[in-house]
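Take a look at the letters that make up each chain.
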Amino acid sequence: PPLIRLEDYRPSAFLIDRVDLDIRLDPHAARITAELALRPNPEGDADAPLHLDGDDLTLVAIDLDGAGVAPGDLTVEPSGLTLRNPPRRPFVLRLVTQVDPTANTKLMGLYRTDGVYCTQCEADGFRRITYFLDRPDVMSVYTTRIEANREEAPVLLGNGNPVEAGPVGEDRHYAVWHDPHPKPAYLFAIVGGRLGKVETTFRTMEGRDVTCAVYVEPGREDRAGYALDAVIRSMEWDERAFGRAYDLDVFNVVAVSAFNMGAMENKGLNIFNDKYVLAVPDTATDADYAAIEAIIAHEYFHNWSGNRVTCRDWFQLCLKEGLTVFRDQEFSSDMRSRPVHRIGEVRSLRARQFPEDAGPLKHPVRPNAYAEINNFYTATVYDKGAEIVRMLRTLIGGAAFRAGMDRYFADNDGTAATVEDFLAAFATVTGRDLSAFARWYERPGTPKLSASGRYDPAARTYTLRLAQILTVEGPPLVIPVALGLVGAKGPMTDVTCAAVTDGVFILDRDEAELVFENVAEEPVPSLLRDFSAPVRLDLSLTDEQRLRLLARDSDPFNRWQAAQDVAMRLILDPDPARAEAFAEALGTFLDGEALADPAFAALVLALPTEGEAADSLPSDVDPDAIHQARRDLRARLGRALRPRLERIDASLSSGKEAYSPDAASAGRRALRNAALDLIAAGDPQAGAALATQRLDAATNMTDRLAALATIAQIPGEAREAALTAFGERYAQEPLVLDKWFAIQATIAEPETLDRIARLKAHPAFSMTNPNRVRALVGSFSMANPTQFARADGAGFALVADVVKALDSTNPQVAARLLTAFGSWRRLEKNRRVAAAEMLNRIKAVPGLSRDVADILGRTLK
Ligand code: B3K
Ligand code: ZN
């Protein structure tokens, strides 16, 4: 597919100031009348024709300032329409188009899910509703009239504020919405359907009363309360943390069941995958509650970082996404335990972004070129993008960061901005040159930070050498390295180092040498505290030194990291004696602190994943060997820690108290469930029995699912009985069945392939609902490395078949599934050959979508 390049950006030849829409909803023939107030863009090409984007549209009528368009002046193609000689003055174009919402399986544009009409326009879905300048730097004020059958769609929602509503004839009705804030088409949305709601009001710091509502399938209103509460907390927080107030009279969230991603920040009308809205203790886990809170916040925060200030072009995607992820991470950290949340952020960065950045799909946080923009909503743009914002804050300090954010919003409000505009705001308020820092946006690959130290007892100095090793040639990056020294009794607070300010050294050269003075004993360096930069740290320490960090460091992140590092080495290079020493250190840690901070302790007990172990190897990855080594280590730890784990299990037993999703309660459940899982690793028989008990006694989904997950990895009748009972109990709960599909898809046994084949025929499974596909097939490809990457190729074939089947109906979801092949070149030979064969089989399919062809082309290159 042809590439679109950043360097080719040109302003649009025309602008659209005002859009008046009249949308008549109908299951198969929705009619859209669009009146577009156009004018030539003074900054655009003065002689250009007018090209409006279109996709899968039927053009019913077109006129210009009330008169027809001469057929010779108009070309209509599948990709849009062109007016050869448009007026060189303001004019109004009226377009009537027709679409079939029921047949829209791509879930882009206007579609219907479970009888509810909804839209998804980012990145380029608005052109599937009407012909338009579908690019984010064309911003318009929208007025939308929606008309529908009253029975079918009693609720009609649009962007902005409601203006009027009323009946139309016998059985139809209408509503008019007006959004005063100019916006790009990708933020347009409507919803029509039979929906229940919960609502409340919020008074902004500016004194505006906002009606906030969450709409869900009727009868599910009791599951919407947590999401609504998260809306209110998000609004309060953005005022407090960033001085950002909401700017409309209503804020609506709608949950729909078929959705290509998590949620969408349409102005005043956020549309959500119902998985990230609906929650009651019997169906949602602690992780679900946390995700709902984070995603509600994320979409709400976009109102400023994304909507009020949007992106000039799609290359600038990180401008809204990286920044908004940073904002939602800060929000969740304030709502929960900051260190625990930070560890979670880094775990997911390493699980998703590091492998992406090391494989064929790697790209800069601001890409230079793309074939299909929907393939660039990646962990790199989102999560590494957020890390860049966090490093900027570390670099300039919290107060200057806040001042720079204020400046950014003030200078760019109502405009479509660039990464340069963002950095300019911080350069202005600090007077600093940020051009070297800006390289983070351009440079793909995860840098390596290599470190080594030397202690001189006579001089009482410690010399630390730091060097950055980049994956592509070029001038150095600016890497904030938060650090400290740790002695036998704890952090060495008396040492000094001129190059370190507030515990941070800024490495902006290829290498540097730091000399610490007044160092009374040989220290262990604690580097990259709180994960101060998205790099791979290369520092060789002994297990004893690392275990000192676990026991004594003041930085919780590095304490956790130390345990991870010891475990990782034991997975890659098993050694019974060192494993025993590790178990002993964990035991001491648990005795001292497990009950004081259970959430943190649960993370310390969670060993690096198989994926992380694979990612740490340069080539010839054998997933079976990694799986076996990790399993053996867990078995050993489970046996060595058994009495302690049982004590933890007993002392955290929740008894009869009511479930609460707060972080402290969730932390206790997490530790107790981690203990259960480790007991089972050490003694599968006893573990299965205990897990079965726990499954029966569970009073909430968190505990029930954790017990089921433990049993699921232990072959035997108890497992099959537990799975059957769970499936029957939740037969009417699609979101719970997704968990059930996922648990079975991730069983690390050869029979899992047959199991998945059976589950594909389960009445609750559906290829047209993205959540179902992701639950069964996505979990398999992403979280079952031994079976997905089977040497016989059967796992690859399973996923390839689904990609092929899905490509013609939902190419976005198909392309996303295909990214699971991203690390295929680092596998050992047999697996590599098998993967290549499957990829080439997909390639042979005629008429592949641009989405899949793009991922495939890059993966095979
Ligand atoms: N902005 C949307 C993602 C749109 C994805 C389009 N393929 C959700 C979000 O990041 O908030
Ligand atoms: Zn976003």
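Residues numbered from 1 in each chain as written. Chains lettered and ligands numbered in written order. Predicted model: local features only at pLDDT ≥ 70, side-chain atom pairs only at ≥ 80, totals over all residues.

Asker: Mind showing me how you'd approach the overall build of the protein here?
Answerer: What the protein contains, in helices and strands, is 26 helices and 32 strands. Dimensions along the principal axes, computed over C-alpha positions, put the protein at roughly 90 × 65 × 60 Å. Classification of the 861 residues of the protein by burial places 50% in the buried group. The contacts in the protein between residues at least 6 apart in sequence include a share of 70% that link residues at least 24 apart. (Helix = DSSP H or I, 4+ residues; strand = E, 2+ residues; numbered from the N terminus. Buried ≥ 20, exposed ≤ 12 C-beta atoms within 10 Å, placed from the backbone. Contact = placed C-beta atoms within 7 Å.)

Asker: Quick question: what am I supposed to make of helix α21 (residues 770-783) here?
Answerer: An α-helix turns once every 3.6 residues. As a result, residues three or four positions apart point the same way. The largest bend along α21 measures about 35 degrees and falls at V777. Residues of α21 that are buried include every one of P770, N771, R772, V773, A775, L776, V777, G778, S779, F780, S781 and M782, and no others. (Bend = angle between axes of the 7 residues up to and from the residue.)

Asker: It is not clear to me how the packing of helix α16 (residues 684-697) against helix α17 (residues 701-712) should be interpreted in this structure. Could you clarify?
Answerer: Between two packed helices, what matters for the description is the angle formed by their axes and the separation of those axes. Where α16 meets α17, the closest approach of the two axes is 8 Å, and the angle between their N-to-C directions is 155 degrees. Relative to α17, α16 is oriented roughly antiparallel. Every pair of crossing elements has a handedness; the one defined by α16 and α17 is left-handed. On the side of α16, the interface is formed by G687, A688, A691, T692, R694 and L695, while α17 contributes D703, R704, A707, L708, T710 and I711. For the contact of α16 with α17, the per-class residue count stands at six nonpolar, three polar and three charged. (Axes fitted to C-alpha atoms, helices over the stretch in contact; angles between N-to-C directions. Parallel < 35°, antiparallel > 145°, perpendicular 65-115°, else oblique. Left-handed = near helix turned anticlockwise from the far one by under 90°. Nonpolar A, V, L, I, M, F, W, Y, C, P; charged D, E, K, R; others polar.)

Asker: Could you clarify how one ought to interpret the site of ligand 1 in this entry?
Answerer: Close to ligand 1 lie E122, A123, M261, A263, M264, E265, H298, E299, H302, E321, N374 and Y377. Counting only elements with at least two residues in the shell around ligand 1, the list comes to β20 (263-264) and α2 (286-301). Here the shell around ligand 1 is composed, by residue class, of five nonpolar, three polar and four charged. (Near = placed C-beta within 6 Å.)

Asker: Just checking my understanding: could you explain the UniProt feature "domain: Peptidase M1 alanyl aminopeptidase Ig-like fold" (unreviewed entry) in the protein for this structure?
Answerer: The positions that UniProt labels "domain: Peptidase M1 alanyl aminopeptidase Ig-like fold" (unreviewed entry) are, in the present scheme, residues 445-538. Annotated as 0% helix and 49% strand, the span residues 445-538 places its first and last C-alpha atoms 16 Å apart. (UniProt positions renumbered as here; feature names shortened; annotations may be inferred.)

Asker: Got a minute to help me understand the domain arrangement of the protein in this structure?
Answerer: Interface size is commonly expressed as the accessible surface area that is lost when the partners come together. The domain architecture assigned to the protein consists of domain 1 (1-194), domain 2 (310-441), domain 3 (448-533) and domain 4 (730-861). Once you take the C-alpha centre of each, domain 3 and domain 4 turn out to be 44 Å apart. (Domains from an automatic or database assignment.)

Asker: Sorry if this is basic, but what is going on with the sheet that holds strand β9 (residues 91-99) here?
Answerer: Hydrogen bonds between backbone groups are what pair the strands of a sheet, and the pairing can be parallel or antiparallel. Here eight strands make up an open sheet; going across it, the order is β6-β5-β9-β3-β2-β12-β15-β14 and the pairing mixed. Strands with a single pairing partner mark the edges of an open sheet, and in this sheet they are β6 (67-68) and β14 (161-168). Across nine bridges, strand β3 (residues 30-40) lies against β9 in antiparallel orientation. For A30, the partnering residue across the bridge sits in β9 and is V99. (Pairing = 2+ DSSP bridges.)

Asker: Would you take a moment to explain the nonpolar core for this structure?
Answerer: In globular proteins that are soluble, nonpolar side chains generally tend to be buried together. Core analysis: the biggest nonpolar cluster contains 259 residues, and A227, V254, V277 and V481 have the highest contact counts within it. Sort the elements by how many residues they give to this core and helix α15 (residues 663-682) lands first, with 10 residues. (Core = buried A, V, L, I, M, F, W, Y, C linked by C-beta atoms within 7 Å.)

Asker: Please explain unusual backbone geometry as it appears in this structure.
Answerer: Most peptide bonds adopt trans geometry, and most residues besides glycine take a negative phi value. The linkage connecting E122 with the following residue, A123, adopts the cis geometry, with an omega of 0 degrees. Tracing the backbone shows A123 in the loop between β11 (116-120) and β12 (140-149). You will see that L528, though not glycine, has its phi angle at about 65 degrees, which is positive. Examined against the element boundaries, L528 turns out to sit in the loop between β31 (524-527) and β32 (536-539).

Asker: Would you take a moment to explain the environment of R172 for this structure?
Answerer: Within the fold, R172 resides in strand β15 (residues 172-183). Between the C-alpha atom of R172 and that of H302, which follows or precedes it by 130 residues, the distance is 34 Å. Once you skip the residues sitting within four places of it in the chain, R172 turns out to touch E147, A148, N149 and R150.

Asker: It is not clear to me how the packing of helix α4 (residues 338-358) against helix α5 (residues 379-396) should be interpreted in this structure. Could you clarify?
Answerer: Between α4 and α5, the least distance of the axes is 9 Å, while the angle of their chain directions is 115 degrees. Viewed along their axes, α4 and α5 form a crossing whose handedness is left-handed. Where α4 abuts α5, its residues S348, L349, R352, Q353, E356 and D357 lie against A379, T380, D383, K384 and E387.

Asker: What should I look at first to understand the sheet that holds strand β26 (residues 461-469) in this one?
Answerer: The strand order across the open sheet built from four strands is β30-β26-β25-β32, with neighbouring strands paired in mixed fashion. A single partner strand is all that each edge strand has here, and the edge strands are β30 (511-516) and β32. Going across the sheet, the axis of each strand differs from the next one's by a mean of 20 degrees, ignoring polarity. Alignment of strand β25 (residues 448-456) against β32, held across four bridges, turns out to be parallel. Among the inter-strand pairings, S450 is bridged to a residue of β32, identified as D538.

Asker: It is not clear to me how helix α13 (residues 623-640) should be interpreted in this structure. Could you clarify?
Answerer: Compared with an ideal rise of 1.5 Å per residue, which puts 18 residues at 26 Å, α13 spans 26 Å between its outermost C-alpha atoms and is within 8% of the ideal. Those residues of α13 lying buried are P623, I626, R630, L633, L637 and G638. For α13, the arc enclosing every buried residue in end-on projection is 135 degrees, short of the 170-degree limit, so these residues lie on one face. On its buried side, α13 packs onto α9 (556-572), α10 (576-593), α12 (610-615), α14 (642-651), α15 and α22 (785-788). (Expected span 1.5 Å × (residues − 1). Arc of directions from axis to C-beta.)

Asker: Sorry, what's going on with the environment of L759 here?
Answerer: Looking at the secondary structure, you find L759 in helix α20 (residues 752-760). Judged by the 22 C-beta atoms lying within 10 Å of it, L759 falls in the buried class. For the pair L759 and L776, spaced 17 residues apart in the sequence, the C-alpha separation amounts to 8.0 Å. Not counting residues within four places of it along the chain, the set of residues in contact with L759 comprises F741, Q744, F765 and L776.

Asker: Can you help me understand the UniProt feature "domain: Aminopeptidase N-like N-terminal" (unreviewed entry) in the protein in this one?
Answerer: According to UniProt, the "domain: Aminopeptidase N-like N-terminal" (unreviewed entry) feature falls on residues 104-187. Annotation note: span residues 104-187, helix share 0%, strand share 52%, distance between end C-alpha atoms 19 Å.

Asker: Help me out: how do you make sense of the pairing of strand β16 (residues 190-193) in this one?
Answerer: Each regular strand shows side chains that alternate between the opposite faces of the sheet. By the alternation rule, side chains of β16 split into I190 and G192 and V191 and G193, which are all buried. Bridging between strand β13 (residues 155-158) and β16 involves four bridges; their strand directions are antiparallel. Bridge pairing in β16 places L156 opposite G192.

Asker: What should I look at first to understand the confidence of the model for the protein in this one?
Answerer: Summary statistics for the protein give a mean pLDDT of 98 and a share of 100% for residues scoring 70 or more. This prediction of the complex comes with two scores: 0.99 for pTM and 0.99 for ipTM. (pLDDT = per-residue confidence, 0-100.)

Asker: Help me understand the environment of G115, please; the structure alone is not making it clear to me.
Answerer: Tracing the backbone shows G115 in the loop between β10 (109-113) and β11. Each C-alpha atom, one on G115 and one on E152, is 7.8 Å from the other, the two residues being 37 residues apart in sequence. Setting aside residues no more than four positions away along its own chain, G115 makes contact with G193 and R194.

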